[in-house]
Amino acid sequence: MAVSAQLLVQELQIFGLECEEALIERLAELCILYGQNEEGMVGELIAFCTSTRKDGLTSEVLNSFEHEFLSKRLSKAGHTASRDSRHAGARDIVSIQELYPLLLKAFASSNILHFIICLSIEVEEEEETLLNSYTTPSKGSQKRAIATPETPLTKRSVSARSPHQLLSPSSFSPSATPSQKYNSRSNGGEVVTSFGSVQGVSWSGRGGASNVSLKVLGSPESLTRSYKSMFQKLLDIREVLTYKIEELGSELKEHYKIEAFTPLLVPAQEPVTLLGQIGCDSNGKLNHKSVILEGDREHSSGAQIPVDLSELKEYSLFPGQVVVVEGINTTGRKLVATRLYEGVPLPFHQPTEEAGDSEQIMVLVACGPYTTSDSITFDPLLDLIAVINRDRPDVCILFGPFLDAKHEQVESCLLTSPFEDVFKQCLRTIIEGTRSSSGSHLVFVPSLRDVHHEPVYPQPPFSCPDLPREDKKRVQFVSEPCTLSINGVIFGLTSTDLLFHMGAEEISSSSGTSDRFSRILKHILTQRSYYPLYPPQEDAAIDYDHLYACAQLPVTPDVFITPSELRYFVKDVLGCICVNPGRLTKGQVGGTFGRLYIRRQPADSGEGRRSPCAAAQVVRI
């Protein structure tokens with residue numbers, strides 16, 4: 001095979017590359033050695049340099065190109081082509097190897113070049129992944145498993161692979177190096193906070209052997225599929241907010257035996273009781289001087305009035321909070337508040353005998369990101385799977401983000417595979433990695449930071465139409481937020497950082513020590529909404545029609561799980577056990593996850609209500 005050095009120089013000049021004569025001779029030798037023409041060899045070299053971010057053409061680059069690319073992939077392609085030719089005979093078509101250099105030249109001056117290169121690399125990586133899926137791990141050389149009539153290759157044998165083999169970061173990231181800070185941690189397994197009787201408790205469940213009943217409760221409806229967003233009008237938003245004021249106002253009026261609410265702008269020399277929603281008089285952050293009360297439509301026609309808080313000894317307010325205020329409004333232009341009525345939570349759920357087994361079960365909760373900020377290897381996720389297989393919890397609740405939109409490699413578009421494919425690989429790793437060892441029930445909750453999913457709140461469940469039949473009974477995809485019944489114990493689940501969002505907007509005054517987390521959680525329970533803040537955080541896209549239909553609390557949950565960037569905790573707030581398990585990773589270091597023991601109280605016990613949460617802990621990964 002004759003190779004022209006001049007033609008190689010011309011092909012390199014198309015991409016603006018110039019190199020020494022010795023390198024041109026070396027490139028010509030590679031063309032002869034691997035049976036490539038000038039155009040094809042230069043095209044493969046440019047693709048290799050782009051994917052590995054190598055600048056310039058040196059002898060070291062050519063050596064890497066030969067050992068990492070040509071010797072592995074081109075030889076494999078040649079072997080495949082020769083094998084196909086024996087079975088299919090001569091094919092009168094143009095091969096990909098012949099079309100590829102022409103495509104490179106046609107699109108060399110546009111961004112489509114990068115797309116074609118990444119696409120070719122992705123296809124080749126998928127071929128390697130497909131071949132690896134039929135191999136059996138061993139300490140020595142790996143041989144392909146042979147399926148014969150005597151020893152068929154069943155689905156179970158394929159799915160019994162280690163999670164480390166199921167997840168291959170190198171297939172979607174050119175720089176999949178493990179995080180040194182994460183791997184050098186020495187406090188893994190440390191218990192950082194506890195709740196309940198945890199002395200002498202052995203944290204282990206029964207995995208797939210337990211009788212677990214999972215049921216999603218509507219609030220008042222449950223979100224089961226995607227919907228069209230970004231079509232709401234300001235009038236529709238106003239309708240939802242007004243109805244919320246009137247609904248909560250009616251509950252407070254009945255609870256406190258209030259005769260009637262007074263319109264906001266009517267002057268009165270005597271103390272009056274007003275209903276409205278807390279707002280800010282400007283676009284800035286709420287403070288004690290900028291509080292206004294927005295009246296309801298029935299009594300005040302949506303009017304607004306400034307509120308003087310100087311007479312209140314204790315208060316805790318945030319924008320969007322529905323309140324009943326007692327005070328003096330002598331001029332009709334300013335309300336001097338003297339009393340703030342506390343909100344009233346919903347009643348707890350009354351379990352029935354049909355709710356499921358009343359035996360004690362273990363629930364594990366974890367929230368993403370599942371990889372550190374300086375790596376995309378998902379080592380924390382693999383460690384969590386090892387914990388699940390070791391402790392065999394009855395139910396695992398996993399919150400997103402699974403592929404974080406804020407990750408450096410995602411923001412910089414450095415991944416070579418589509419986001420959806422990376423997520424599916426993570427999902428398959430979790431499901432298959434826990435199938436045979438633990439068999440735990442898995443509940444997946446999406447996050448607004450999941451880069452592949454719809455960034456609207458409320459958020460529909462993940463879609464996984466190709467879920468294996470054997471896993472459909474133990475894997476459940478729910479919406480964000482979600483109210484879930486586990487054997488009659490009600491869990492409130494949300495991956496949105498409510499504590500951070502509301503903590504940044506809340507103002508308070510207290511004569512004694514006051515816990516900010518407890519105040520915020522109390523607001524969520526008494527406002528009866530998974531997201532009572534209005535206006536919302538800038539990065540939260542709220543669809544208010546679905547917010548009212550699918551993101552309200554149907555009952556006060558027994559356990560409320562709200563992961564946050566803020567410090568982890570386990571608290572009893574108004575009889576509800578509130579848990580912030582933290583995130584599995586914190587930047588470049590490991591984070592925390594939570595575990596609980598719950599047991600449903602018998603319906604005919606005749607005793608007063610006891611919390612079904614017997615014990616809870618937050619543990620470092």
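Quick caveat: nothing in here was measured; it's all calculated off a predicted structure.

## A few points about the overall build of the protein
Part 1 of the argument: Helix and strand counts for the protein come out as 17 helices and 22 strands.
Part 2 of the argument: Within the protein, the fraction of its 621 residues that count as buried is 49%.
Part 3 of the argument: Contacts in the protein between residues far apart in sequence, at least 24 positions, make up 74% of those at least 6 positions apart.
Part 4 of the argument: Element-wise, carbon and sulfur atoms account for 51% of the exposed surface of the protein, whose accessible area totals about 30100 Å².

## Focus: the sheet that holds strand S4 (residues 291–295)
Part 1 of the argument: Strand order in the closed barrel made by the five strands is S3-S4-S5-S8-S7, with mixed pairing throughout. Geometrically, the sheet is characterised by an average inter-axis angle of 55° between neighbouring strands, direction not taken into account.
Part 2 of the argument: Here strand S7 (residues 322–329) pairs with strand S8 (residues 335–340) via four bridges, running antiparallel. Bridge pairing in S8 links valine 325 to leucine 340.

## A look at the pattern of salt bridges
Part 1 of the argument: Scanning all chains against the criterion turns up 19 salt bridges.
Part 2 of the argument: The closest approach of N and O atoms between arginine 185 and aspartate 383, which form a salt bridge, is 3.2 Å. Within this pair, whereas arginine 185 is found in the loop between helix H9 (180–183) and strand S1 (191–196), its partner aspartate 383 is found in helix H12 (residues 379–391), the two being separated by 198 residues in sequence.
Part 3 of the argument: Given the relative accessible area of 28%, arginine 185 is considered partly exposed.
Part 4 of the argument: Look at aspartate 383 and you get partly exposed, because its relative accessible area is 26%.
Part 5 of the argument: Each of Asp404, Arg449, Glu565 and Arg583 takes part in salt bridges that share partners, so that together they form one network.

## Some remarks on the environment of leucine 521
Part 1 of the argument: Looking at where leucine 521 falls in the secondary structure, it is placed in helix H16 (residues 516–527).
Part 2 of the argument: Taking the C-alpha atoms as reference, leucine 521 lies 9.1 Å from phenylalanine 560; in sequence the two are 39 residues apart.

## Things to note about the pairing of strand S14 (residues 489–493)
Put simply, side chains in a regular strand alternate between the two faces of the sheet.
Part 1 of the argument: Most of S14 is tucked away: five of the five residues are buried.
Part 2 of the argument: As paired elements, strand S13 (residues 482–486) and S14 share five bridges and run antiparallel to each other. Each residue of the ladder has a partner; that of cysteine 482, found in S14, is leucine 493.
Part 3 of the argument: Once S13 ends, the chain turns through two residues before running back antiparallel as S14, passing asparagine 487 with a positive phi of about 55°.
Part 4 of the argument: Examined bridge by bridge, S14 and strand S16 (residues 559–561) share three bridges and lie parallel to one another. Note that in S16 the partner of phenylalanine 491 across the bridge is valine 559.

## A short note on empty space enclosed by the protein
Part 1 of the argument: Applying the stated criterion to the full structure yields six cavities of 30 Å³ or more.
Part 2 of the argument: There is about 80 Å³ of room inside the largest cavity.
Part 3 of the argument: Contributing to the lining of the largest cavity are Val240, Leu241, Lys244, Ser529, Tyr531, Pro532, Leu533, Tyr534, Tyr544, Leu547, Tyr548 and Gln552.
Part 4 of the argument: Counting residues per element, the ones that place at least two in the lining of the largest cavity are helix H10 (234–255) and helix H17 (544–550).
Part 5 of the argument: In terms of lining residues, the second largest cavity is bounded by Ile278, Val291, Leu293, Val307, Leu309, Leu312, Leu317, Val325, Ala337 and Leu340.
Part 6 of the argument: Elements supplying a minimum of two residues to the lining of the second largest cavity: S4 and S8.

## Considering the packing of aromatic side chains
Part 1 of the argument: On inspection of all chains with the given rule, the structure shows 16 aromatic pairs.
Part 2 of the argument: Between tyrosine 256 and tyrosine 341, the ring centres sit 5.0 Å apart and the planes meet at 65°, which makes this aromatic pair edge-to-face. Pair noted here: tyrosine 256 is in the loop between H10 and strand S3 (268–280) and tyrosine 341 is in the loop between S8 and strand S9 (361–367), with a separation of 85 residues, a long-range link.
Part 3 of the argument: A relative accessible area of 28% means that tyrosine 256 is categorised as partly exposed.

## A short note on the environment of glutamate 190
Part 1 of the argument: Looking at the secondary structure, you find glutamate 190 in the loop between H9 and S1.
Part 2 of the argument: Put simply, glutamate 190 and threonine 592 are 402 residues apart on the chain and 9.2 Å apart in space, counted from C-alpha to C-alpha.
Part 3 of the argument: With residues near it in sequence (within four places) discarded, glutamate 190 still touches Val618, Val619 and Arg620.

## Quick word on unusual backbone geometry
Part 1 of the argument: In the segment running from glycine 400 into proline 401, the intervening peptide bond is cis, with an omega of 10°.
Part 2 of the argument: For proline 401, the location among the structural elements is in the loop between strand S10 (395–399) and helix H13 (408–411).

## Here we look at H16
Part 1 of the argument: The end-to-end C-alpha distance of H16 is 16 Å, a good match for the 16 Å that twelve residues give at a rise of 1.5 Å each.
Part 2 of the argument: Counting buried positions along H16 yields nine of twelve residues, so the element is predominantly enclosed.
Part 3 of the argument: Here H16 starts with a cap whose side-chain oxygen sits 3.2 Å from the backbone nitrogen of phenylalanine 517, and that cap is aspartate 515.
Part 4 of the argument: A positive phi of about 60° marks arginine 528, the residue just after H16.

## What to know about the pairing of strand S11 (residues 441–445)
Part 1 of the argument: Of all five residues that make up S11, five are buried, and the element is covered over most of its length.
Part 2 of the argument: Of the two faces of S11, the one lined by His441, Val443 and Val445 and the one lined by Leu442 and Phe444 are each fully buried.
Part 3 of the argument: Of the strand pairs in this sheet, S10 and S11 are connected by five bridges, and their pairing is parallel. Counterpart to leucine 398 in the pairing with S11 is phenylalanine 444.
Part 4 of the argument: As judged from the three bridges shared by S11 and strand S12 (residues 475–477), these two strands associate in the parallel manner.

## Side note on the packing of helix H1 (residues 5–14) against helix H3 (residues 38–52)
Part 1 of the argument: One way to put it is that H1 packs onto H3 with a least axis distance of 9 Å and a crossing angle of 40°. One way to sum up the angle between H1 and H3 is to call them oblique. Taken as a pair, H1 and H3 cross one another with a handedness that is right-handed. Contact residues: Leu7, Leu8, Glu11 and Leu12 in H1; Glu38, Glu39, Val42 and Leu45 in H3.

## Digging into the sheet that holds S16
Part 1 of the argument: The strand order S2-S13-S14-S16-S18-S17 describes an open sheet built from six strands, whose pairing is mixed. Two strands bound the open sheet, and with one partner strand each, they are strand S2 (214–217) and strand S17 (569–573). In this sheet, adjacent strand axes meet at a mean angle of 25° when their direction is disregarded.
Part 2 of the argument: As defined by bridge partners, S16 adjoins strand S18 (residues 576–580) across three bridges and the pair is classed as parallel. Looking across to S18, one finds that isoleucine 561 is bridged to valine 579.
Part 3 of the argument: Packed onto the sheet, H16 meets S16, S17 and S18 and runs at close to 55° relative to S17.

## Topic: the environment of glycine 590
Part 1 of the argument: Topologically, glycine 590 is positioned in strand S20 (residues 589–590).
Part 2 of the argument: For the pair formed by glycine 590 and arginine 185, sequence separation is 405 residues and the distance between their alpha carbons is 7.5 Å.
Part 3 of the argument: Glycine 590 has contacts with Tyr182, Leu584, Thr585 and Ile621, leaving out every residue within four places of it along the chain.

About the cut-offs
- Residues numbered from 1 in each chain as written.
- Predicted model: local features only at pLDDT ≥ 70, side-chain atom pairs only at ≥ 80, totals over all residues.
- Heavy atoms only, no water.
- Helix = DSSP H or I, 4+ residues; strand = E, 2+ residues; numbered from the N terminus.
- Buried < 20%, exposed > 50% of the residue type's maximum accessible area, 1.4 Å probe, protein only.
- Contact = heavy atoms within 4.5 Å.
- Areas by Shrake-Rupley, 256 points an atom, 1.4 Å probe, with all protein chains shown as cover.
- Pairing = 2+ DSSP bridges.
- Axes fitted to C-alpha atoms, helices over the stretch in contact; angles between N-to-C directions.
- Salt bridge = Lys/Arg side-chain N within 4 Å of Asp/Glu carboxyl O.
- 1 Å grid on protein atoms, 1.4 Å probe; cavity = no way out; pocket = protein on both sides within 12 Å on 5 of 7 lines; lining within 4 Å.
- Points joined across faces, edges and corners; volume = space filled by probe spheres on them.
- Phe/Tyr/Trp six-rings, centres within 6.5 Å; stacked < 30°, edge-to-face > 60°.
- Expected span 1.5 Å × (residues − 1).
- Polar contact = N/O pair within 3.5 Å; in protein donor to acceptor, adjacent residues only side chain to side chain.
- Parallel < 35°, antiparallel > 145°, perpendicular 65-115°, else oblique.
- Left-handed = near helix turned anticlockwise from the far one by under 90°.

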